[in-house]
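Summary of structural features
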Amino acid sequence: MGNSLKAIVTFVPSNKCQKYLLEDLEEMPVDKMVDLSGRQLRRLPLHICSFRDLVKLYLSDNNLNHLPPELEQLQNLQILALDFNNFKALPLVVCTLKQLCILYLGNNKLCSLPLELRLLQNLKTLWIESNCLQYLPEVVCELSLLKTLHAGSNALRTLPPQLQCLQELRTIWLSGNLLSEFPPVLLNMPFLEVIDVDRNSIRFFPSLAHLPGLKLVIYDHNPCRNAPKVAKGVRRVGRWSEETPEPRKRSGAVIDITPDEKPLLPPAAKTKPE
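Residues numbered from 1 in each chain as written. Predicted model: local features only at pLDDT ≥ 70, side-chain atom pairs only at ≥ 80, totals over all residues. Heavy atoms only, no water.

1. Side note on the sheet that holds strand S5 (residues 125-127)
- Sheet architecture is open: 10 strands sit in the order S1-S2-S3-S4-S5-S6-S7-S8-S9-S10, paired in parallel fashion. Two strands close off the open sheet at either side, each with one partner strand: strand S1 (33-35) and strand S10 (235-237). Ignoring strand direction, the axes of neighbouring strands in this sheet form an average angle of 5°.
- Note that S1 and strand S2 (residues 56-58) share three bridges and pair parallel. Residue pairing in the sheet places aspartate 35 in a bridge with tyrosine 58 of S2. (Pairing = 2+ DSSP bridges. Helix = DSSP H or I, 4+ residues; strand = E, 2+ residues; numbered from the N terminus. Axes fitted to C-alpha atoms, helices over the stretch in contact; angles between N-to-C directions.)

2. Details of the side chain of asparagine 177
- Positionally, asparagine 177 belongs in the loop between strand S7 (171-173) and strand S8 (194-196).
- Exposure remark for asparagine 177: the relative accessible area of 5% places this residue in the buried category.
- A polar side-chain atom of asparagine 177 sits 3.3 Å from the main-chain amide nitrogen of alanine 155.
- Within the local environment of asparagine 177, its side chain forms a polar contact with the backbone oxygen of leucine 174, the two atoms lying 3.0 Å apart.
- With near-sequence residues (within four places) excluded, asparagine 177 lies in contact with Ala151, Gly152, Ser153, Asn154, Ala155, Leu156, Arg199 and Asn200. (Buried < 20%, exposed > 50% of the residue type's maximum accessible area, 1.4 Å probe, protein only. Polar contact = N/O pair within 3.5 Å; in protein donor to acceptor, adjacent residues only side chain to side chain. Contact = heavy atoms within 4.5 Å.)

3. Details of the pattern of salt bridges
- Tallied over the full model, the rule gives four salt bridges.
- Across the pair arginine 199 and aspartate 198 runs a salt bridge, and its minimum N-O distance is 3.9 Å.
- With relative accessibility at 39%, the residue arginine 199 sits in the partly exposed group. (Salt bridge = Lys/Arg side-chain N within 4 Å of Asp/Glu carboxyl O.)

4. Side note on the environment of arginine 199
- For arginine 199, the location among the structural elements is in the loop between S8 and strand S9 (216-218).
- Along the backbone, arginine 199 and aspartate 220 are 21 residues apart, and their C-alpha atoms lie at a distance of 6.4 Å.
- With residues up to four places along the chain from it excluded, the contact list for arginine 199 reads Ser153, Ser175, Gly176, Asn177, Asp220, His221 and Asn222.

Here it is as structure tokens:
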């Protein structure tokens with residue numbers, strides 16, 4: 001009954017209803033964090049925008065499809081979670097929050113990203129997994145401090161060559177896309193530490209032994225006939241990961257890595273980072 005009442009209250013703009021949604025959150029919390037995840041919100045309570053020193057704002061798992069222009073007042077915001085909502089386009093007001101370091105946009109309905117995203121020059125982690133992206137927006141390649149890019153579970157078939165300009169990028173997650181070949185641009189990114197191309201359509205892997213920074217490559221669930229060659233000490237997760245170049249066979253069956261050996265994927269976007 002409580003959740004049903006909150007769902008109704010979200011449509012009522014009165015101050016009393018706003019207070020009910022915020023559960024008596026009248027002043028900015030001492031830890032400068034507000035978590036309104038899973039509240040069935042259809043709009044952001046405007047009172048939140050008065051917390052001008054707010055650093056972390058979690059709005060995951062709601063029914064949001066727009067944000068008020070007043071959000072621009074949160075110029076100290078460093079973490080913004082908008083995952084598991086109904087955004088078909090990224091609200092441009094988000095691009096005015098120039099101190100953002102982490103932006104969660106996963107599990108929405110995004111088909112593109114605005115050029116204004118380039119204004120977020122402090123962004124270090126970007127989650128855009130589980131959207132409707134058929135290509136990686138080139139504006140992502142202008143985020144010069146980006147260290148981690150989560151772009152899995154979209155419909156990507158290739159990556160732009162400009163991606164190699166992101167010399168701070170260390171981790172790229174591309175699982176569950178439509179890649180038919182290993183993205184050539186990744187071969188020119190020696191600073192990468194983690195490459196995940198699990199669950200694509202890659203039939204052949206080039207050698208990755210020349211990438212000095214590489215620590216982990218995940219390539220399981222591809223129709224490949226070879227394992228990527230890597231330098232000593234680099235961990236591979238996928239078919240024939242312990243054998244190069246020929247797969248080990250027993251009774252005519254290829255032995256795959258067991259599920260228990262596969263490392264956990266990154267935590268869900270709505271999990272609060274350190």
